Amino acid sequence: MPRLRATAASFRHQAAMFWAEPQWIIPNIIAPFVLAMVVLMLYQEPSPEAVLYAVLGGGMMGMWGNTLYASGFSIQSDRWWGTVDAIFSAPSPLIWIIGGRTIWNALVGIVNGLFVLVAAMVIFQTPLEVADFWLFMLAFVLTLLSLATLGMLFSAAFVLTRSAQVLTNGLEFPIYVGTGSMFPIFLLPYWSHPLSYSLAPTWGIDAIRYAALPAYADGFSVGYWGDILYLAILSVLYLTVSIWLYKAVDHRARKTANLMRY
Amino acid sequence: MSENVSNPLRVFWSSAVLAKRALFAWLNPAMWIMQLFGMSLFQIAFFVYVAKFVNNSEVSMEFVAIGNALQSLAYVSVFAVCNITGEEKNQGTIENLLVSPANRFSVFVGRAAFQIVNGLATVTIAFLYAALIFNVDFSQANYLGLATVILVTTFAMTGFGLMLSSLGLFLRTSMIVANIFLFIGLLLCGVNFPVSFLPGYLQPFSYAIPMTYGTEAARMAVQGASLGELSGLLGMEALVGFIVMIAGYLMFRGFEYLARSKGTLDRF
């Protein structure tokens, strides 16, 4: 229970930080929104399916942008504010504190994703008609959770470096490319496919397309439920590794005593 | 001492040296090299694969690769330069800087000087990727013309970044503006598709950003256009770059006045 209380307090704290400066949502929205627009402009006269394909990718990118920046700055901000050693010396393990922050960021990620979807629908005057609403929502939420676990994995690694900000900026496009957010991954070089398959959001976006597009022809052969299965397995794997990594990072940070260096 | 402060060139140089030292005080050089080599690669890859998927006959992969190779400059000349004032605020040095008698223009252009070098390196690497990985044909290229395009675009876009940076004096953060203009160029500047694809009301905005002229000139240079053929576009780009730099200076003074009168200078 004390651990859950730490998570709840961390969640409330993250929410308060967000409401103190809500304009920070803009950077996470602008990139996926512009990228989706670029894709639609490339089509010139996009079909409703093309619009849906692009905005679904934009929605996923919106969620990833938020998760990435939230995890990248999760500990870096504490470094700047001088609160990181207080967090590490608290009796609650770090993973429960980061967990509360991650849950809040995931909720904001939903807002990001939906904003990109709705804005593109309004601009291109295409109604959001998905083939199966409930399967779509399931895939959407699970993809978000998978992104959150991936973000936790990265945030654990970011604790060790003073350059989290640079890494955060650098990881945005690789995930967009690797997950095939805007194009099927079979267009990528064959050697890169295992890397794409190791990313849970790759399966998530495929499941989203299966649920949303009535005649989706480029999907993986495992189908919707196969996508969901791989998504779940990879997400659990990310979570397990990040829990282990946080313990290792905590141990190392205490040993080297350079946590506050920035 | 006062002679040093009133000498604009000396102020420019010391500001440039200090900015480079400050950057590497927090940024690991290995990380900087990773950023230099990694950012443009994935940006070009993303749009090249999108173009391949969309398969619009009017937009070749070569068109997209060259556009994004030049636009990769924005990470440096728009994003990093725009954040100059915001970073001074974060470090708590903006007040000291503004109460000094040193010439403002020299101080802030000096702060951006290292980013010009950084930008030239970024774009050069991006064009190497375009040639070696994305198979852009450089057999007819006018290398001198292309180098001139890169040089003029880097200077002009740094001027554009400095103009945006002035907003950071008044706003709580310049990071938001930097993020918006980092990506908006991908849509407005003819990077991924011709400007003519945009609705008519958006096209004037495209031509108010120097990058638009740069992308067109870069494609012409790769196709072998001579310096004479490029001169019109390069002249327009230099002119727009000069105008935004002057506008940036005037905005800087205006926002400095506003920030002083409203007491928002150290708000971040």
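Since this is a predicted model, take the numbers as computed values, not measurements.

Definitions and limits used
- Residues numbered from 1 in each chain as written.
- Chains lettered and ligands numbered in written order.
- Predicted model: local features only at pLDDT ≥ 70, side-chain atom pairs only at ≥ 80, totals over all residues.
- Heavy atoms only, no water.
- Helix = DSSP H or I, 4+ residues; strand = E, 2+ residues; numbered from the N terminus.
- Contact = heavy atoms within 4.5 Å.
- Areas by Shrake-Rupley, 256 points an atom, 1.4 Å probe, with all protein chains shown as cover.
- Lys, Arg positive; Asp, Glu negative; His and termini not counted.
- Charge placed at Lys NZ, Arg CZ, Asp CG, Glu CD.
- Buried area = accessible area lost by both parts, 1.4 Å probe.
- Polar contact = N/O pair within 3.5 Å; in protein donor to acceptor, adjacent residues only side chain to side chain.
- Nonpolar A, V, L, I, M, F, W, Y, C, P; charged D, E, K, R; others polar.
- Buried < 20%, exposed > 50% of the residue type's maximum accessible area, 1.4 Å probe, protein only.
- Axes fitted to C-alpha atoms, helices over the stretch in contact; angles between N-to-C directions.
- Parallel < 35°, antiparallel > 145°, perpendicular 65-115°, else oblique.
- Left-handed = near helix turned anticlockwise from the far one by under 90°.
- pLDDT = per-residue confidence, 0-100.

Participant: What exactly am I supposed to notice about the overall build of chain A here?
Facilitator: Per the secondary structure count, chain A includes 11 helices and 0 strands. If you list the helices and strands of chain A from N to C, you get α-α-α-α-α-α-α-α-α-α-α. Within chain A, contacts between residues at least 6 apart in sequence are counted, and of these 79% link residues at least 24 apart. Looking at chain A as shown, the accessible area adds up to about 11200 Å², and 70% of this sits on carbon and sulfur atoms. Distance between charge centroids for chain A: 25 Å, based on 12 positive and 12 negative side chains.

Participant: Would you mind showing me how to read the interface of chain B and chain A here?
Facilitator: The figure often quoted for interface size is the accessible area lost as the parts come together. Residue-level contacts link 39 residues of chain B with 40 residues of chain A. Carbon and sulfur atoms supply 78% of the area buried between chain B and chain A, which totals about 3600 Å² over both sides. At the junction of chain B with chain A, the criterion picks out 1 residue pair in polar contact (both at pLDDT 80 or more). Going through the elements one at a time, helix H2 (8-26), helix H3 (29-54), helix H5 (74-82) and helix H11 (175-188) of chain B are the ones with two or more residues in the side of chain B that touches chain A. Top element by residues in the side of chain B that touches chain A is H3(B). It accounts for 15 residues. Partitioning the side of chain B that touches chain A into residue classes produces 29 nonpolar, 7 polar and 3 charged.

Participant: Honestly, the environment of Gly62(A) in this entry has me stumped. Any pointers?
Facilitator: Residues and elements named next belong to chain A. On the secondary structure map, Gly-62 appears in helix H3 (residues 48-81). Given the relative accessible area of 0%, Gly-62 is considered buried. Separated by 32 residues in the primary sequence, Gly-62 and Ile-30 place their C-alpha atoms 8.4 Å from one another. Setting aside anything within four residues of it in sequence, one finds Gly-62 in contact with Asn-28, Pro-32 and Asn-112.

Participant: Explain the packing of H3(B) against helix H8 (residues 104-132) of chain B to me, please; I cannot follow it from the model alone.
Facilitator: If you want to describe how two helices pack, look at the angle between their axes and the distance between the axes. Residue and element names in this part refer to chain B. Orientation of H3 relative to H8, taken along the N-to-C sense of each, is 50°, at an axis distance of 9 Å. As far as their axial angle goes, H8 and H3 are oblique. Where H3 crosses over H8, the handedness of that crossing is right-handed. Where H3 approaches H8, its residues Trp-32, Leu-36, Phe-37, Ser-40, Leu-41 and Ile-44 are matched on the opposing element by Phe-114, Asn-118, Ala-121, Thr-122, Ile-125, Ala-126 and Tyr-129. Of the residues belonging to the contact of H3 with H8, the class tally is 10 nonpolar, 3 polar and no charged.

Participant: Help me understand the environment of Met60(A) in this model?
Facilitator: Following the sequence through the fold, Met60(A) ends up in helix H3. Here the alpha-carbon distance between Met60(A) and Met121(A), two residues 61 residues apart in the chain, equals 15 Å.

Participant: How should the confidence of the model for chain B be read in this particular structure?
Facilitator: Residues shown with low pLDDT carry predicted positions that ought not to be read at fine detail. Residues and elements named next belong to chain B. Of the residues in chain B, 97% reach a pLDDT of 70 or more, and the chain-wide mean stands at 87. No element of chain B has a lower mean pLDDT than helix H1 (residues 2-6), at 64, and none a higher one than helix H13 (residues 210-222), at 95. This complex was scored by the predictor with a pTM of 0.88 and an ipTM of 0.86.

Participant: Explanation requested: the packing of helix H10 (residues 200-212) of chain A against helix H11 (residues 223-256) of chain A in the structure shown.
Facilitator: Residues and elements named next belong to chain A. Axis separation between H10 and H11 bottoms out at 8 Å; the angle between their running directions is 155°. One way to sum up the angle between H10 and H11 is to call them roughly antiparallel. As H10 runs across H11, the sense of the crossing is left-handed. Across the interface between the two elements, Ala-200, Trp-203, Gly-204, Asp-206, Ala-207, Tyr-210 and Ala-211 from H10 touch Gly-223, Tyr-224, Asp-227, Ile-228, Tyr-230, Leu-231, Leu-234, Ser-235 and Tyr-238 from H11. Broken down by class, the residue content of the contact of H10 with H11 amounts to 11 nonpolar, 3 polar and 2 charged.

Participant: Honestly, unusual backbone geometry in this entry has me stumped. Any pointers?
Facilitator: Negative phi values dominate among residues other than glycine, just as trans dominates among peptide bonds. Residue and element names in this part refer to chain B. The backbone of Asn-55 shows a phi angle near 60°, a positive value even though the residue is not glycine. Note on Asn-55: relative accessible area 62%, which makes it exposed. The phi angle at Asn-135 is positive, at roughly 55°, despite the residue not being glycine. Note that Asn-135 resides in the loop between H8 and helix H9 (143-165). Note on Asn-135: relative accessible area 63%, which makes it exposed.

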